[in-house]
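# Observations on the model geometry
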Amino acid sequence: MNKDLVSMIADLNEQEALKIVKDRLNAGEDPLRIMEDARKGLEIVGERFASNEYFIPDLVYSGEIMKLITELVKPKLTREEETRKSGKIVFGTVKGDIHDIGKNIVAFMLDVNGFEVIDLGVDVPEQKFVEKIKESGASIVGLSGFLTLAFDSMKQTIKAIEDAGLRDRVKVMIGGGQISEEIRKYTGADAYGRDAMAGVTLAKKWTGIN
Amino acid sequence: METRVSSSSKEVIISDNQHTVLIGERINPTGKKKLAEALKDGNIDVAREEALAQTQAGADIIDVNVGMFGIDEVTMLPKVVQAVMETVDIPLCIDSSNPDALEVALKVYRGKPLVNSVTGEEHSLRRVLPLVKSYGAAVIGLVQDDDGIPKDTAKRVRIAHKIVERAEMEGIPREDLIIDCLAFSVGAEPDSGTAVIEAIRTIKAELGVNITLGASNISFGLPDRELLNNAFAAIAVSVGATCLIVDVAKIRPTILAADLVLGRDKYARRYIEAYRQRIKQE
(Lines give C-alpha, C1' and ligand atoms only; values in the text may rest on other atoms or scores of the structure.)
Protein backbone atom coordinates (compact mmCIF):
# COMPACT_ATOMS: atom_id res chain seq x y z
CA MET A 1 0.00 0.00 0.00
CA ASN A 2 2.84 2.38 0.85
CA LYS A 3 4.38 1.71 -2.50
CA ASP A 4 1.17 2.74 -4.22
CA LEU A 5 1.40 6.37 -3.23
CA VAL A 6 4.99 6.54 -4.42
CA SER A 7 4.17 5.07 -7.81
CA MET A 8 0.91 7.00 -8.24
CA ILE A 9 2.79 10.26 -7.78
CA ALA A 10 5.65 9.08 -9.96
CA ASP A 11 3.10 8.28 -12.69
CA LEU A 12 1.32 11.63 -12.15
CA ASN A 13 -1.97 9.95 -11.32
CA GLU A 14 -3.51 12.83 -9.37
CA GLN A 15 -6.87 11.24 -8.49
CA GLU A 16 -5.45 7.95 -7.23
CA ALA A 17 -2.67 9.69 -5.28
CA LEU A 18 -5.11 12.01 -3.48
CA LYS A 19 -7.44 9.13 -2.73
CA ILE A 20 -4.64 7.10 -1.18
CA VAL A 21 -3.55 10.07 0.94
CA LYS A 22 -7.11 10.58 2.24
CA ASP A 23 -7.54 6.88 3.00
CA ARG A 24 -4.23 6.70 4.86
CA LEU A 25 -5.02 9.83 6.87
CA ASN A 26 -8.46 8.45 7.75
CA ALA A 27 -6.82 5.22 8.86
CA GLY A 28 -4.83 7.34 11.32
CA GLU A 29 -1.42 6.86 9.75
CA ASP A 30 1.55 9.04 10.74
CA PRO A 31 1.37 12.05 8.41
CA LEU A 32 5.16 12.20 8.22
CA ARG A 33 5.29 8.78 6.61
CA ILE A 34 2.76 9.91 4.02
CA MET A 35 4.85 12.99 3.24
CA GLU A 36 7.96 10.85 2.98
CA ASP A 37 6.27 8.60 0.40
CA ALA A 38 5.10 11.64 -1.52
CA ARG A 39 8.62 12.99 -1.55
CA LYS A 40 9.91 9.65 -2.84
CA GLY A 41 7.35 9.85 -5.64
CA LEU A 42 8.60 13.30 -6.59
CA GLU A 43 12.15 12.07 -6.53
CA ILE A 44 11.22 9.52 -9.19
CA VAL A 45 9.56 12.32 -11.19
CA GLY A 46 12.87 14.19 -10.98
CA GLU A 47 14.82 11.15 -12.13
CA ARG A 48 12.47 10.66 -15.07
CA PHE A 49 12.91 14.32 -15.99
CA ALA A 50 16.69 13.96 -15.82
CA SER A 51 16.54 10.99 -18.19
CA ASN A 52 14.31 12.85 -20.70
CA GLU A 53 11.35 10.62 -20.05
CA TYR A 54 9.45 13.52 -18.44
CA PHE A 55 9.27 17.16 -19.55
CA ILE A 56 8.75 20.53 -17.91
CA PRO A 57 4.92 20.33 -17.84
CA ASP A 58 5.26 16.96 -16.06
CA LEU A 59 7.37 18.64 -13.36
CA VAL A 60 4.90 21.49 -13.01
CA TYR A 61 2.03 19.02 -12.72
CA SER A 62 3.82 16.92 -10.10
CA GLY A 63 4.34 20.14 -8.13
CA GLU A 64 0.60 20.79 -8.30
CA ILE A 65 -0.20 17.29 -7.05
CA MET A 66 2.29 17.73 -4.20
CA LYS A 67 0.63 21.03 -3.26
CA LEU A 68 -2.77 19.33 -3.00
CA ILE A 69 -1.31 16.49 -0.92
CA THR A 70 0.41 18.96 1.41
CA GLU A 71 -2.89 20.78 1.90
CA LEU A 72 -4.52 17.52 2.98
CA VAL A 73 -1.69 16.49 5.28
CA LYS A 74 -0.68 19.85 6.72
CA PRO A 75 -3.45 20.19 9.34
CA LYS A 76 -2.14 16.98 10.95
CA LEU A 77 1.49 18.06 11.07
CA THR A 78 3.06 19.94 13.94
CA ARG A 79 5.14 23.01 13.17
CA GLU A 80 8.37 21.28 14.07
CA GLU A 81 7.70 18.37 11.78
CA GLU A 82 7.05 20.64 8.83
CA THR A 83 10.52 22.07 8.85
CA ARG A 84 12.59 18.93 9.16
CA LYS A 85 14.96 19.56 6.28
CA SER A 86 18.57 18.68 5.66
CA GLY A 87 20.02 22.07 4.73
CA LYS A 88 19.10 25.58 3.74
CA ILE A 89 19.81 26.98 0.31
CA VAL A 90 19.29 30.60 -0.74
CA PHE A 91 18.39 30.58 -4.39
CA GLY A 92 17.61 33.07 -7.15
CA THR A 93 18.12 34.44 -10.66
CA VAL A 94 20.63 37.28 -10.43
CA LYS A 95 20.10 40.98 -11.09
CA GLY A 96 19.24 41.97 -14.66
CA ASP A 97 18.04 38.52 -15.68
CA ILE A 98 14.45 37.29 -15.58
CA HIS A 99 14.82 33.68 -16.77
CA ASP A 100 13.20 31.39 -14.24
CA ILE A 101 12.47 28.03 -15.82
CA GLY A 102 15.90 26.54 -15.13
CA LYS A 103 15.99 28.02 -11.65
CA ASN A 104 12.57 26.57 -10.82
CA ILE A 105 13.62 23.12 -11.98
CA VAL A 106 16.75 23.12 -9.80
CA ALA A 107 14.78 24.48 -6.84
CA PHE A 108 12.21 21.71 -7.33
CA MET A 109 14.88 19.01 -7.42
CA LEU A 110 16.63 20.36 -4.32
CA ASP A 111 13.31 20.56 -2.51
CA VAL A 112 12.30 16.97 -3.24
CA ASN A 113 15.75 15.85 -2.17
CA GLY A 114 15.11 17.23 1.28
CA PHE A 115 16.66 20.69 1.16
CA GLU A 116 14.90 23.83 2.32
CA VAL A 117 15.03 26.15 -0.67
CA ILE A 118 14.57 29.86 -0.05
CA ASP A 119 13.68 31.02 -3.56
CA LEU A 120 14.13 34.78 -4.00
CA GLY A 121 12.70 34.80 -7.53
CA VAL A 122 14.20 36.61 -10.53
CA ASP A 123 16.18 39.85 -11.04
CA VAL A 124 17.39 39.62 -7.43
CA PRO A 125 19.69 42.44 -6.23
CA GLU A 126 22.98 41.48 -4.52
CA GLN A 127 21.94 42.88 -1.15
CA LYS A 128 18.83 40.73 -1.07
CA PHE A 129 21.00 37.61 -1.30
CA VAL A 130 23.22 38.96 1.47
CA GLU A 131 20.26 39.73 3.73
CA LYS A 132 18.68 36.31 3.22
CA ILE A 133 21.94 34.48 3.91
CA LYS A 134 22.25 36.40 7.19
CA GLU A 135 18.63 35.94 8.13
CA SER A 136 18.35 32.23 7.31
CA GLY A 137 21.84 31.06 8.17
CA ALA A 138 21.88 29.11 4.90
CA SER A 139 25.12 27.32 4.06
CA ILE A 140 24.58 27.14 0.30
CA VAL A 141 23.79 29.84 -2.27
CA GLY A 142 22.53 29.07 -5.78
CA LEU A 143 22.81 31.76 -8.44
CA SER A 144 21.02 31.29 -11.73
CA GLY A 145 21.27 33.26 -14.97
CA PHE A 146 20.93 32.78 -18.69
CA LEU A 147 21.90 36.14 -20.18
CA THR A 148 25.53 37.10 -20.75
CA LEU A 149 25.07 40.09 -18.42
CA ALA A 150 24.09 37.67 -15.65
CA PHE A 151 27.73 36.63 -15.30
CA ASP A 152 28.67 40.12 -14.15
CA SER A 153 25.75 40.10 -11.72
CA MET A 154 26.92 36.75 -10.35
CA LYS A 155 30.39 38.14 -9.85
CA GLN A 156 29.00 41.23 -8.09
CA THR A 157 26.72 39.10 -5.92
CA ILE A 158 29.60 36.91 -4.77
CA LYS A 159 31.66 40.06 -4.13
CA ALA A 160 28.81 41.47 -2.03
CA ILE A 161 28.66 38.24 -0.01
CA GLU A 162 32.39 38.56 0.54
CA ASP A 163 32.14 42.23 1.53
CA ALA A 164 29.49 41.31 4.08
CA GLY A 165 31.98 38.88 5.64
CA LEU A 166 29.82 35.84 4.75
CA ARG A 167 31.90 34.20 2.06
CA ASP A 168 33.48 31.64 4.42
CA ARG A 169 30.06 30.61 5.71
CA VAL A 170 28.57 29.63 2.36
CA LYS A 171 29.33 27.55 -0.71
CA VAL A 172 28.17 29.15 -3.95
CA MET A 173 26.96 27.23 -6.99
CA ILE A 174 26.02 28.83 -10.30
CA GLY A 175 23.97 27.52 -13.19
CA GLY A 176 22.24 28.50 -16.42
CA GLY A 177 22.25 27.51 -20.07
CA GLN A 178 25.66 28.88 -20.93
CA ILE A 179 27.68 28.39 -17.72
CA SER A 180 31.16 26.89 -18.05
CA GLU A 181 34.33 26.46 -15.98
CA GLU A 182 35.61 29.69 -17.53
CA ILE A 183 32.56 31.56 -16.20
CA ARG A 184 32.82 29.87 -12.80
CA LYS A 185 36.35 31.26 -12.48
CA TYR A 186 35.24 34.69 -13.64
CA THR A 187 32.45 34.90 -11.07
CA GLY A 188 34.41 33.37 -8.17
CA ALA A 189 31.80 30.67 -7.48
CA ASP A 190 32.78 27.38 -5.82
CA ALA A 191 31.19 25.20 -8.48
CA TYR A 192 28.81 25.18 -11.40
CA GLY A 193 26.18 22.67 -12.49
CA ARG A 194 25.21 21.65 -16.00
CA ASP A 195 21.77 20.41 -15.00
CA ALA A 196 19.44 20.13 -12.01
CA MET A 197 20.81 16.79 -10.81
CA ALA A 198 24.31 18.29 -10.76
CA GLY A 199 22.96 20.95 -8.38
CA VAL A 200 21.54 18.27 -6.09
CA THR A 201 24.81 16.33 -6.14
CA LEU A 202 26.76 19.45 -5.18
CA ALA A 203 24.37 20.34 -2.38
CA LYS A 204 24.57 16.81 -0.97
CA LYS A 205 28.36 16.82 -1.16
CA TRP A 206 28.58 20.19 0.58
CA THR A 207 26.22 19.23 3.37
CA GLY A 208 27.78 15.78 3.81
CA ILE A 209 24.65 13.84 2.81
CA ASN A 210 24.83 10.90 0.44
CA MET B 1 1.67 49.55 -43.08
CA GLU B 2 4.89 48.80 -44.97
CA THR B 3 8.26 48.41 -43.29
CA ARG B 4 11.07 48.62 -45.82
CA VAL B 5 14.56 47.36 -45.12
CA SER B 6 17.39 46.92 -47.59
CA SER B 7 20.89 45.74 -48.37
CA SER B 8 22.97 47.70 -50.86
CA SER B 9 21.17 45.93 -53.71
CA LYS B 10 17.92 44.42 -52.39
CA GLU B 11 14.82 45.75 -50.68
CA VAL B 12 12.51 43.64 -48.53
CA ILE B 13 9.01 44.87 -47.68
CA ILE B 14 7.25 43.66 -44.55
CA SER B 15 3.47 44.09 -44.74
CA ASP B 16 0.10 42.34 -44.54
CA ASN B 17 -0.32 42.40 -48.26
CA GLN B 18 2.35 39.90 -49.14
CA HIS B 19 4.12 36.81 -47.90
CA THR B 20 5.42 36.43 -44.36
CA VAL B 21 9.03 37.62 -44.14
CA LEU B 22 11.44 35.12 -42.58
CA ILE B 23 14.40 36.40 -40.57
CA GLY B 24 17.10 33.74 -40.15
CA GLU B 25 18.02 33.35 -36.47
CA ARG B 26 21.05 31.06 -36.72
CA ILE B 27 23.93 33.56 -36.48
CA ASN B 28 23.77 33.61 -32.69
CA PRO B 29 26.43 31.90 -30.56
CA THR B 30 24.06 31.10 -27.67
CA GLY B 31 23.59 27.33 -27.73
CA LYS B 32 25.70 26.89 -30.88
CA LYS B 33 29.05 25.53 -29.90
CA LYS B 34 30.76 25.55 -33.28
CA LEU B 35 29.85 29.18 -34.02
CA ALA B 36 30.68 30.25 -30.46
CA GLU B 37 34.16 28.68 -30.55
CA ALA B 38 34.88 30.15 -33.97
CA LEU B 39 33.81 33.66 -32.95
CA LYS B 40 35.90 33.47 -29.78
CA ASP B 41 38.93 32.69 -31.95
CA GLY B 42 38.05 35.65 -34.16
CA ASN B 43 37.08 33.27 -36.96
CA ILE B 44 34.06 34.46 -38.96
CA ASP B 45 33.90 31.69 -41.56
CA VAL B 46 31.21 29.79 -39.66
CA ALA B 47 29.06 32.94 -39.65
CA ARG B 48 29.55 33.27 -43.41
CA GLU B 49 28.52 29.65 -43.92
CA GLU B 50 25.40 30.13 -41.79
CA ALA B 51 24.48 33.25 -43.75
CA LEU B 52 24.77 31.41 -47.03
CA ALA B 53 22.91 28.31 -45.85
CA GLN B 54 20.02 30.35 -44.47
CA THR B 55 19.75 32.43 -47.62
CA GLN B 56 19.65 29.25 -49.69
CA ALA B 57 16.96 27.90 -47.35
CA GLY B 58 14.81 30.93 -48.21
CA ALA B 59 15.59 33.53 -45.54
CA ASP B 60 14.51 37.07 -46.53
CA ILE B 61 16.64 38.77 -43.87
CA ILE B 62 19.61 37.48 -41.80
CA ASP B 63 19.82 38.23 -38.08
CA VAL B 64 23.38 38.81 -36.83
CA ASN B 65 24.03 38.36 -33.10
CA VAL B 66 27.46 37.73 -31.54
CA GLY B 67 26.54 38.27 -27.87
CA MET B 68 28.26 35.81 -25.57
CA PHE B 69 30.57 35.62 -22.59
CA GLY B 70 34.13 36.04 -23.83
CA ILE B 71 33.22 37.87 -27.03
CA ASP B 72 33.71 41.63 -27.30
CA GLU B 73 30.62 42.66 -29.24
CA VAL B 74 31.89 46.13 -30.05
CA THR B 75 34.76 44.56 -32.00
CA MET B 76 33.01 41.48 -33.36
CA LEU B 77 29.58 42.76 -34.38
CA PRO B 78 30.78 45.16 -37.12
CA LYS B 79 33.25 42.52 -38.36
CA VAL B 80 30.61 39.84 -38.70
CA VAL B 81 28.09 42.28 -40.21
CA GLN B 82 30.73 43.23 -42.79
CA ALA B 83 31.51 39.58 -43.55
CA VAL B 84 27.84 38.63 -43.93
CA MET B 85 27.25 41.63 -46.24
CA GLU B 86 30.09 40.35 -48.43
CA THR B 87 28.61 36.85 -48.48
CA VAL B 88 24.90 37.40 -49.15
CA ASP B 89 22.97 40.24 -50.75
CA ILE B 90 19.83 40.28 -48.56
CA PRO B 91 19.19 42.81 -45.75
CA LEU B 92 20.45 42.21 -42.22
CA CYS B 93 18.96 42.48 -38.79
CA ILE B 94 21.63 43.82 -36.43
CA ASP B 95 21.04 42.14 -33.08
CA SER B 96 22.57 43.20 -29.77
CA SER B 97 21.54 44.37 -26.32
CA ASN B 98 24.68 46.53 -26.26
CA PRO B 99 23.99 49.98 -27.81
CA ASP B 100 27.71 50.64 -28.39
CA ALA B 101 27.96 47.48 -30.47
CA LEU B 102 24.81 48.47 -32.39
CA GLU B 103 26.29 51.86 -33.18
CA VAL B 104 29.58 50.59 -34.64
CA ALA B 105 27.70 47.94 -36.65
CA LEU B 106 25.26 50.55 -37.99
CA LYS B 107 28.27 52.59 -39.13
CA VAL B 108 29.57 49.85 -41.41
CA TYR B 109 26.18 48.75 -42.73
CA ARG B 110 25.22 49.60 -46.30
CA GLY B 111 21.48 49.98 -46.85
CA LYS B 112 18.64 50.25 -44.35
CA PRO B 113 18.95 47.57 -41.67
CA LEU B 114 16.60 46.29 -39.05
CA VAL B 115 17.86 46.83 -35.50
CA ASN B 116 17.10 44.16 -32.89
CA SER B 117 16.18 45.68 -30.51
CA VAL B 118 14.82 48.47 -28.36
CA THR B 119 12.78 47.61 -25.26
CA GLY B 120 10.36 49.61 -23.12
CA GLU B 121 13.12 50.02 -20.51
CA GLU B 122 14.09 53.63 -19.97
CA HIS B 123 17.83 53.11 -20.58
CA SER B 124 17.11 51.34 -23.85
CA LEU B 125 14.58 53.90 -25.15
CA ARG B 126 17.01 56.74 -24.43
CA ARG B 127 20.02 55.15 -26.02
CA VAL B 128 18.74 53.00 -28.91
CA LEU B 129 15.99 55.19 -30.41
CA PRO B 130 18.36 58.11 -31.24
CA LEU B 131 20.69 55.61 -32.96
CA VAL B 132 17.85 54.18 -35.04
CA LYS B 133 16.81 57.71 -36.00
CA SER B 134 20.24 58.97 -36.95
CA TYR B 135 21.10 55.92 -39.07
CA GLY B 136 17.63 55.78 -40.65
CA ALA B 137 17.10 52.16 -39.63
CA ALA B 138 13.97 50.20 -38.77
CA VAL B 139 13.76 48.70 -35.29
CA ILE B 140 12.19 45.81 -33.41
CA GLY B 141 10.55 46.84 -30.13
CA LEU B 142 10.40 44.16 -27.41
CA VAL B 143 7.44 44.42 -25.04
CA GLN B 144 9.43 44.33 -21.82
CA ASP B 145 10.11 47.20 -19.46
CA ASP B 146 11.88 47.90 -16.19
CA ASP B 147 9.60 45.36 -14.50
CA GLY B 148 10.62 42.54 -16.85
CA ILE B 149 8.61 40.63 -19.44
CA PRO B 150 4.89 40.78 -18.70
CA LYS B 151 2.94 37.54 -18.52
CA ASP B 152 -0.40 39.07 -19.47
CA THR B 153 -1.79 40.66 -22.62
CA ALA B 154 -2.72 44.08 -21.24
CA LYS B 155 0.78 44.97 -20.07
CA ARG B 156 2.29 43.84 -23.36
CA VAL B 157 -0.11 46.17 -25.17
CA ARG B 158 0.74 49.09 -22.85
CA ILE B 159 4.47 48.69 -23.43
CA ALA B 160 3.93 48.50 -27.21
CA HIS B 161 2.05 51.84 -27.00
CA LYS B 162 4.88 53.32 -24.98
CA ILE B 163 7.58 52.24 -27.45
CA VAL B 164 5.60 53.57 -30.42
CA GLU B 165 4.97 56.90 -28.69
CA ARG B 166 8.58 57.37 -27.71
CA ALA B 167 9.81 56.40 -31.18
CA GLU B 168 7.45 58.89 -32.82
CA MET B 169 8.60 61.61 -30.42
CA GLU B 170 12.13 60.81 -31.58
CA GLY B 171 11.01 61.27 -35.21
CA ILE B 172 10.97 57.59 -36.17
CA PRO B 173 7.93 56.88 -38.37
CA ARG B 174 5.58 54.15 -37.21
CA GLU B 175 6.26 52.03 -40.29
CA ASP B 176 9.86 51.66 -39.12
CA LEU B 177 8.75 49.97 -35.91
CA ILE B 178 8.08 46.27 -35.59
CA ILE B 179 6.74 44.96 -32.30
CA ASP B 180 7.85 41.62 -30.83
CA CYS B 181 5.33 40.27 -28.28
CA LEU B 182 7.80 37.85 -26.59
CA ALA B 183 6.52 34.36 -25.93
CA PHE B 184 7.32 32.26 -22.87
CA SER B 185 7.41 28.48 -23.04
CA VAL B 186 3.94 26.91 -22.85
CA GLY B 187 5.66 24.15 -20.91
CA ALA B 188 6.19 26.41 -17.92
CA GLU B 189 3.41 28.98 -18.50
CA PRO B 190 0.24 27.30 -19.76
CA ASP B 191 -1.35 30.61 -20.84
CA SER B 192 1.73 31.98 -22.59
CA GLY B 193 0.50 31.14 -26.09
CA THR B 194 -2.91 32.75 -25.72
CA ALA B 195 -1.46 35.85 -24.00
CA VAL B 196 0.85 36.43 -26.97
CA ILE B 197 -1.80 35.74 -29.58
CA GLU B 198 -4.21 38.19 -27.92
CA ALA B 199 -1.43 40.77 -27.67
CA ILE B 200 -0.64 40.48 -31.38
CA ARG B 201 -4.32 40.97 -32.27
CA THR B 202 -4.76 43.96 -29.99
CA ILE B 203 -1.49 45.72 -30.86
CA LYS B 204 -2.20 45.25 -34.54
CA ALA B 205 -5.71 46.67 -34.19
CA GLU B 206 -4.74 49.62 -31.99
CA LEU B 207 -1.39 50.61 -33.51
CA GLY B 208 -1.39 49.11 -37.01
CA VAL B 209 2.31 48.26 -36.77
CA ASN B 210 4.08 45.25 -38.21
CA ILE B 211 4.55 42.38 -35.79
CA THR B 212 7.39 39.92 -35.41
CA LEU B 213 7.93 36.94 -33.14
CA GLY B 214 10.74 34.64 -32.16
CA ALA B 215 8.81 31.42 -32.53
CA SER B 216 11.25 29.01 -30.88
CA ASN B 217 10.86 30.04 -27.22
CA ILE B 218 7.35 28.65 -27.02
CA SER B 219 8.55 25.03 -27.07
CA PHE B 220 11.36 25.22 -24.50
CA GLY B 221 11.45 22.15 -22.28
CA LEU B 222 9.08 20.14 -24.45
CA PRO B 223 9.57 17.19 -26.79
CA ASP B 224 9.19 17.54 -30.58
CA ARG B 225 9.93 21.25 -30.42
CA GLU B 226 9.75 21.70 -34.16
CA LEU B 227 6.15 20.55 -34.23
CA LEU B 228 5.13 23.16 -31.67
CA ASN B 229 7.19 25.92 -33.26
CA ASN B 230 5.51 25.27 -36.58
CA ALA B 231 2.00 25.28 -35.13
CA PHE B 232 2.66 28.43 -33.14
CA ALA B 233 4.25 30.25 -36.09
CA ALA B 234 1.25 29.45 -38.30
CA ILE B 235 -1.16 30.70 -35.64
CA ALA B 236 0.88 33.87 -35.09
CA VAL B 237 0.83 34.62 -38.82
CA SER B 238 -2.92 34.06 -38.95
CA VAL B 239 -3.53 36.67 -36.21
CA GLY B 240 -1.21 39.28 -37.67
CA ALA B 241 2.51 38.53 -37.36
CA THR B 242 4.14 39.72 -40.60
CA CYS B 243 7.72 38.59 -40.03
CA LEU B 244 9.21 35.81 -37.91
CA ILE B 245 12.64 35.27 -36.41
CA VAL B 246 13.16 31.55 -36.97
CA ASP B 247 15.26 28.62 -38.09
CA VAL B 248 14.25 29.12 -41.73
CA ALA B 249 15.04 25.66 -43.08
CA LYS B 250 12.86 24.06 -40.43
CA ILE B 251 9.86 26.36 -40.52
CA ARG B 252 9.56 27.66 -44.06
CA PRO B 253 7.36 24.85 -45.49
CA THR B 254 4.75 25.46 -42.79
CA ILE B 255 4.81 29.21 -43.30
CA LEU B 256 4.43 28.83 -47.06
CA ALA B 257 1.40 26.64 -46.42
CA ALA B 258 -0.03 29.16 -43.93
CA ASP B 259 0.55 32.05 -46.35
CA LEU B 260 -1.29 30.18 -49.08
CA VAL B 261 -4.24 29.43 -46.80
CA LEU B 262 -4.36 33.08 -45.73
CA GLY B 263 -4.41 34.38 -49.32
CA ARG B 264 -0.90 35.77 -49.12
CA ASP B 265 0.51 33.62 -51.92
CA LYS B 266 -1.46 34.34 -55.10
CA TYR B 267 -1.72 31.39 -57.47
CA ALA B 268 0.35 29.42 -54.92
CA ARG B 269 3.53 30.52 -56.69
CA ARG B 270 5.81 30.27 -53.65
CA TYR B 271 4.23 27.14 -52.25
CA ILE B 272 4.53 25.24 -55.55
CA GLU B 273 8.03 26.53 -56.21
CA ALA B 274 9.21 25.21 -52.83
CA TYR B 275 7.52 21.88 -53.56
CA ARG B 276 9.36 21.60 -56.88
CA GLN B 277 12.64 22.35 -55.18
CA ARG B 278 12.06 19.61 -52.64
CA ILE B 279 11.15 17.06 -55.36
CA LYS B 280 14.31 17.94 -57.24
CA GLN B 281 16.44 17.35 -54.17
CA GLU B 282 14.92 13.96 -53.36
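Scoring rules and cut-offs
- Residues numbered from 1 in each chain as written.
- Chains lettered and ligands numbered in written order.
- Predicted model: local features only at pLDDT ≥ 70, side-chain atom pairs only at ≥ 80, totals over all residues.
- Contact = placed C-beta atoms within 7 Å.
- Nonpolar A, V, L, I, M, F, W, Y, C, P; charged D, E, K, R; others polar.
- Core = buried A, V, L, I, M, F, W, Y, C linked by C-beta atoms within 7 Å.
- Buried ≥ 20, exposed ≤ 12 C-beta atoms within 10 Å, placed from the backbone.
- Pairing = 2+ DSSP bridges.
- Helix = DSSP H or I, 4+ residues; strand = E, 2+ residues; numbered from the N terminus.
- Axes fitted to C-alpha atoms, helices over the stretch in contact; angles between N-to-C directions.
- Domains from an automatic or database assignment.
- Arc of directions from axis to C-beta.

Here we take up the interface of chain B and chain A. At the interface, 15 residues of chain B touch 13 residues of chain A. When its residues are assigned to classes, the side of chain B that touches chain A shows seven nonpolar, eight polar and no charged.

Attention shifts here to the nonpolar core. One finds B:Ile62 and B:Leu244 to be the most contacted residues of the largest nonpolar core, which totals 88 residues. Beyond its immediate sequence surroundings of up to four residues, B:Ile62 is in contact with B:Gly24, B:Ile27, B:Ala51, B:Gln54, B:Thr55, B:Val84, B:Val88, B:Ile90, B:Leu92 and B:Cys93.

Another aspect to go through is the sheet that holds strand 10 (residues 243-246) of chain B. Residue and element names in this part refer to chain B. Read around the closed barrel, eight strands run 3-4-5-6-7-8-9-10, paired in parallel fashion. Averaged over neighbouring strand pairs, the angle between their axes works out to 30° when direction is ignored. Strand direction decides the pairing type here: strand 9 (residues 210-214) and strand 10, joined by three bridges, are parallel. The partner of Thr-212 across the bridge, within strand 10, is Cys-243. On top of the sheet, helix 6 (residues 153-169) reaches strand 6 (114-119), strand 7 (138-142) and strand 8 (177-180); it is set at about 160° to strand 8, its chief contact.

Backbone-to-backbone hydrogen bonds join strands into a sheet, with any given pair of strands oriented parallel or antiparallel. Residues and elements named next belong to chain A. The parallel open sheet is built from five strands, whose spatial order is 2-1-3-4-5. The sheet is open, and its two borders are formed by strand 2 (116-119) and strand 5 (191-193), each paired with just one other strand. Across the sheet, the axes of successive neighbouring strands diverge by a mean angle of 25°, strand direction being ignored. Packing against the sheet, helix 7 (residues 126-136) makes contact with strand 1 (88-93), strand 2 and strand 3 (140-144), and its axis sits at approximately 165° to strand 1.

All names here are of chain A. Once the domains are mapped, chain A shows domain 1 (2-81) and domain 2 (88-207). Taking only C-alpha atoms into account, the centre of domain 1 sits 27 Å from that of domain 2. Opposite the eight residues of domain 1 that make contact, domain 2 presents nine residues. For the side of domain 1 that touches domain 2, the secondary structure elements donating two or more residues are helix 3 (31-50) and helix 4 (56-73).

Attention now goes to helix 7 of chain A. Residue and element names in this part refer to chain A. Residues of helix 7 that are buried include every one of Glu-126, Phe-129, Val-130 and Ile-133, and no others. What you see down the axis of helix 7 is that its buried residues fit within an arc of 100°, all on one side. Residues Gln-127 and Glu-135 are exposed on helix 7 and point more than 90 degrees away from its buried face. After helix 7 finishes, the residue Gly-137 shows a positive phi value of roughly 70°.

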